[in-house]
Amino acid sequence: MNNGKLKDELIKEACRIEECCEYSAKSHYNTSKEWNIRNVCLSIPIAIIAAIVAFVPEEYKSIPSIITAILAAIQVCIKPTDCSKVHKMAGDGYLELKNKVRRFRNIEIELYTDEESVRELNKLASILDGYNSVNPQPSTSGYQLARKGVQNGESDYKIDKKEE
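One structure accompanies this document, and this report is about it. (Residues numbered from 1 in each chain as written. Predicted model: local features only at pLDDT ≥ 70, side-chain atom pairs only at ≥ 80, totals over all residues. Heavy atoms only, no water.)

### So, the overall build of the protein chain
Alright, step 1. Regarding its fold elements, the protein chain presents five helices and zero strands.
Alright, step 2. For the protein chain, the α and β elements follow one another from N to C terminus as α-α-α-α-α.
Alright, step 3. Relative to its length of 164 residues, the protein chain is extended, with a C-alpha radius of gyration of 23 Å against a globular reference of 15 Å.
Alright, step 4. Counting only C-alpha atoms and orienting by the principal axes, one finds that the protein chain spans roughly 85 × 40 × 20 Å.
Alright, step 5. Per-residue burial over the protein chain gives 32% buried out of 164 residues.
Alright, step 6. In the protein chain, of all internal contacts separated by at least 6 residues, the share reaching a separation of at least 24 is 85%. (Helix = DSSP H or I, 4+ residues; strand = E, 2+ residues; numbered from the N terminus. Rg over C-alpha atoms; globule rule 2.2 N^0.38 Å. Buried < 20%, exposed > 50% of the residue type's maximum accessible area, 1.4 Å probe, protein only. Contact = heavy atoms within 4.5 Å.)

Written out as structure tokens, the structure reads:
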């Protein structure tokens, strides 16, 4: 493969990695937000019902106490705060990798020999493969929202937008 063809193929592959990272980062950020909402939806009723129980006569405390215990048990079992943090960290990792790949594609590839470029791209692809194997899967709705956002240009940089 001649140098120009190799460089073109390296750039195409870098674009693929960058696109994958963009969708994955946004999907995980959206899923993190969903878990935050779940946490709030459980925490607020727990706090309100627990506060009400304090003022309810003793003979009426059993039902609100049971409801509070059930909601608290659900919250402990699904751990929405932990799930949110995991997806946020996954999104951060993908975004960091996307930025590294963009810099490689736009700047560093010009400074490397062909062999160094192949090695660097393989390293970046390996990082992506590692993220894909250890990170949880984002929710379907998180991915769909990410896809819509990417297609609408939400993650485009102003500097990269072509003047019309």
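Still to come is the rest of the account.
### A word on the nonpolar core
Alright, step 1. Residues Ile17, Cys21, Leu97, Val101, Phe104, Leu121 and Leu128 are the most contacted members of the largest nonpolar core, which totals 14 residues.
Alright, step 2. Elements with a contribution of two residues or more to this core: helix H1 (3-53), helix H3 (80-106) and helix H4 (114-134).
Alright, step 3. Broken down by element, this core gets its largest block of residues, six residues, from H1.
Alright, step 4. If sequence neighbours within four positions are ignored, leucine 128 has contacts with Ile17, Cys20, Cys21, Tyr94 and Leu97. (Core = buried A, V, L, I, M, F, W, Y, C linked by side-chain atoms within 4.5 Å.)

### Concerning the packing of H1 against H3
Alright, step 1. In contact at an axis separation of 7 Å, H1 and H3 are set at 160° when each is read in the N-to-C sense. As the angle between them shows, H1 and H3 are arranged roughly antiparallel. The hand of the H1/H3 crossing is left-handed.
Alright, step 2. Partitioned by chemical class, the residues of the contact of H1 with H3 number 16 nonpolar, 10 polar and eight charged. (Axes fitted to C-alpha atoms, helices over the stretch in contact; angles between N-to-C directions. Parallel < 35°, antiparallel > 145°, perpendicular 65-115°, else oblique. Left-handed = near helix turned anticlockwise from the far one by under 90°. Nonpolar A, V, L, I, M, F, W, Y, C, P; charged D, E, K, R; others polar.)

### Quick look at the layout of surface pockets
Alright, step 1. The calculated volume of the largest pocket comes to roughly 260 Å³.
Alright, step 2. Around the largest pocket, the lining comprises 13 residues; the ones closest to its centre are Glu18, Glu22, Arg105, Asp156 and Asp160.
Alright, step 3. Looking at the lining of the largest pocket, the elements with two or more residues in it are H1 and H3.
Alright, step 4. If one sorts the elements of the lining of the largest pocket by residue count, H1 sits on top with four residues.
Alright, step 5. A per-class count over the lining of the largest pocket returns two nonpolar, one polar and 10 charged. (1 Å grid on protein atoms, 1.4 Å probe; cavity = no way out; pocket = protein on both sides within 12 Å on 5 of 7 lines; lining within 4 Å. Points joined across faces, edges and corners; volume = space filled by probe spheres on them.)

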